[in-house]
Amino acid sequence: MKKLISVSIVIVLLLGVSFTCNKCTPIPLTIKKEIVYQENIGDAEKYYGNYCSSCHGKQVKEFVNREKWVYGSTRNEMFDVVRNGAEENGMPAYGEVLSDKQVYELIDYILAAIEDKKSEEFNAGNNDDVVFVSEGMRLKLELVAENADFPWAITQSNDGRLFYTDKSGKLFTKKENVIQEITGLPSVIYKGQGGLMDVILHPDFENNQRIYLSYSKPKSDDDGYATTAVFSGILENNAIVNSKDIFVADPYVNTNRHFGCRMIFDNDGFLFVAIGERGRRDDYPQKLDNHLGKIHRLNDDGTVPADNPFYNTPNAKKSIYSIGHRNPQGLCYNPVTNKIYDNEHGPRGGDEVNLVEAGKNYGWPVITYGINYIGTTITDLTHQEGMEQPIRYWVPSIATCGMEFVTSDKYPGWKGNILSGSLKYNYLHRDVFDENDQLIKEEKLFPDIGRMRSIEQCADGYIYFGLEEPGRIYRIVPL
Ligand code: HEC
């Protein structure tokens, strides 16, 4: 049990508290607080190894399996015994060597392990038999497909037909246990972070069979330049016909990074497309004359709605909806409030969830909670006037990918929550925001399951997720 497992931290104390001062934007303290936990997952494990394992065993198992607690098993009781010791019984006091914060981290590490006794069975590979518990729901995983190594995106039509991309450039469909490959796809650059990415269906797919793919488009065969494009056509049998690129991000860049690219439709039938800055943070995300590092709003045929925020701005790309994004890898929609959320990769640290609104600037690379991968700072600024704060961020980065806003009746305990995959820590992250988009609770689901690339609430009301290498698509089934 290597990591902090299935933690649900309710930040009761800070709930609803926001600060006001004349000069600064209010800082949602809930976010700050939560970082303390996130930042030290690795450290708690280290302290445990250094200070506790000699007596309590290498893994936290000794606590997980403890049936009778001498000093109590609540967070505060455990805190007391670790800080003050129980010398009479041979438990040393750690108040001198560990700060209160470190002790709490240790306790949370132990509590998290206790909360998820199942994880060991799970790690042993018995996913089919494991029951996960979250918010009173008992959940099982059902393997749906394992023929795509990089299932980048998943969707489903109302008749139950599943569609999923493989980053290598393939699109598969599955209906009643039969998997078939769909032809008529564009040729993609499958290199670095590039490849075939999202697949979504037109809101009226049942009648028009229109399908959309986002992909890394080569400029010409060998010059190394590529961009992100949206391709759309009509699905006829198992082929996409009458197809064309309805959006091609300008300019082409000779990197293989930060393509984006997630897509969603809103209730009004507008298509939102999230494009990364292609690893050129100083050139593109803050300037309006290009498509990179932006979220775009289009009509379903790729034309641009005239009420877009920069439509009448001279020299601006008319499709731009919001700017200052780094590499959005998740996009989701609350159909009741009409709010759009994205998650995006920060640099080392600073992965974000943003509430995406028309005309707003999300600050990259002027403000960020991250640092450069080699440890040097990008900027000291985390706030600036005219730039939006994320509604949550992760330090260190969990490498978010895929995102879903849960509306399905199948998961009453998760309704209204936002799910994000973690590529780096191999789990599904659940965030609970209140109606003001303040983070009030979070949970790590399916610990250590694998690099989570895609997450989708499908037409059948079930949530599906895709893991890569080995590629597997699972459906989460409440019992
Ligand atoms: C020198 C051996 C030793 C070390 C090192 C040690 N403990 Fe203990 N610990 C004990 C003993 C002995 C007890 C009391 C009886 C028991 O084990 O149930 C105890 C009790 C506890 C309890 C209370 C259990 C209960 O039943 O209420 C907690 C919690 C705990 N230790 C946590 C830790 C943590 C965290 C660390 C590392 C910072 C640690 N211990 C390091 C020996 C040790």
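Residues numbered from 1 in each chain as written. Predicted model: local features only at pLDDT ≥ 70, side-chain atom pairs only at ≥ 80, totals over all residues. Heavy atoms only, no water.

Cis geometry marks the peptide bond from Val395 to Pro396; its omega dihedral reads -5 degrees. Locating Pro396 in the fold gives a position in the loop between strand 18 (392-394) and strand 19 (400-405). Along the chain, Glu469 connects to Pro470 via a cis peptide bond; the corresponding omega equals 0 degrees. Mapped onto the elements of the fold, Pro470 is located in the loop between strand 24 (463-468) and strand 25 (472-478). Although it is not a glycine, His258 sits at a positive phi angle of roughly 50 degrees. With respect to the helices, strands and loops of the structure, His258 is situated in the loop between strand 10 (239-248) and strand 11 (263-265). (Helix = DSSP H or I, 4+ residues; strand = E, 2+ residues; numbered from the N terminus.)

In the neighbourhood of the ligand, 20 residues make up the surrounding shell, with Cys52, Cys55, His56, Tyr71 and Met91 lying closest. A distance of 2.7 Å is found between a nitrogen atom of the ligand and a side-chain nitrogen or oxygen belonging to His56. Measuring from an oxygen atom of the ligand, one finds a backbone N or O atom of Tyr71 at 2.6 Å. Those elements that provide at least two residues to the shell around the ligand are helix 2 (41-56), helix 4 (75-84) and helix 5 (100-115). For the shell around the ligand, the element with the highest residue contribution is helix 2, accounting for five residues. Per-class residue counts for the shell around the ligand are 14 nonpolar, five polar and one charged. (Near = heavy atom within 4 Å. Polar contact = N/O pair within 3.5 Å; in protein donor to acceptor, adjacent residues only side chain to side chain. Nonpolar A, V, L, I, M, F, W, Y, C, P; charged D, E, K, R; others polar.)

The subject of this paragraph is empty space enclosed by the protein. Applying the stated criterion across every chain yields a total of four cavities of 30 Å³ or more. Approximately 70 Å³ is the volume found for the largest cavity. Taken together, the residues that form the lining of the largest cavity break down as four nonpolar, five polar and four charged. (1 Å grid on protein atoms, 1.4 Å probe; cavity = no way out; pocket = protein on both sides within 12 Å on 5 of 7 lines; lining within 4 Å. Points joined across faces, edges and corners; volume = space filled by probe spheres on them.)

Another aspect to go through is the sheet that holds strand 21 (residues 427-433). Sheet architecture is open: four strands sit in the order 19-20-21-22, paired in antiparallel fashion. Edge positions in the sheet fall to strand 19 and strand 22 (439-445), since each has one partner strand and no second. Averaged over all adjacent pairs, the angle separating strand axes in this sheet is 20 degrees, with direction ignored. Both strand 19 and strand 20 (residues 418-422) contribute to a ladder of five bridges, which runs antiparallel. Looking at strand 20, one finds that Met403 is bridged to Ser420. (Pairing = 2+ DSSP bridges. Axes fitted to C-alpha atoms, helices over the stretch in contact; angles between N-to-C directions.)

In this structure, Phe163, Leu171, Tyr212, Ile240, Leu271 and Val273 are the most contacted members of the largest nonpolar core, which totals 36 residues. Every element with two or more residues in this core is listed here: strand 3 (151-156), strand 7 (196-201), strand 8 (210-218), strand 9 (226-236), strand 10, strand 11 and strand 12 (271-275). Among the nonpolar cores identified, the runner-up in size contains 32 residues, and Val130, Leu139, Leu419 and Tyr464 belong to it. (Core = buried A, V, L, I, M, F, W, Y, C linked by side-chain atoms within 4.5 Å. Buried < 20%, exposed > 50% of the residue type's maximum accessible area, 1.4 Å probe, protein only.)

With that settled, consider the pattern of salt bridges. Pairing between side chains of opposite charge can happen when their charged atoms approach one another. Using the criterion set out here, one finds 20 salt bridges in the structure. Among the ionic pairs, Arg281 bridges to Asp282, the shortest N-O distance being 3.8 Å. One network of salt bridges, in which partners are shared, links Glu135, Arg430, Lys441 and Glu443. (Salt bridge = Lys/Arg side-chain N within 4 Å of Asp/Glu carboxyl O.)

On to the coordination of the iron atom of the ligand, then. Donor atoms from the polypeptide that bind the iron atom of the ligand are His56 (NE2) and Met91 (SD), placed at 2.0 to 2.1 Å. Considering all six donor atoms around the iron atom of the ligand, angles at the metal cover 86 to 178 degrees and the coordination shape is octahedral. With a gap of 35 residues between them, His56 in helix 2 and Met91 in the loop between helix 4 and helix 5 connect regions that are remote in the sequence. Summarising the burial analysis for this pair, His56 and Met91 share the class buried. (Donors = N, O, S within 2.8 Å, 3.2 Å for Na, K, Ca; no water. Tetrahedral: all angles 85-135°; square planar, octahedral: opposite > 155°, others 65-115°.)

A few words now on the side chain of Asp351. Tracing the sequence through the fold places Asp351 in strand 17 (residues 351-356). Among buried Asp, Glu, Lys and Arg side chains, Asp351 stands out as unpaired, with Arg326 the closest opposite charge at 6.1 Å. At a separation of 3.1 Å, a polar atom in the side chain of Asp351 contacts the main-chain amide nitrogen of Thr400. Those residues in contact with Asp351 that sit more than four places away from it in its chain are Glu344, His345, Gly346, Arg392, Tyr393, Trp394, Ser397, Ile398, Ala399 and Thr400. (Lys, Arg positive; Asp, Glu negative; His and termini not counted. Contact = heavy atoms within 4.5 Å.)

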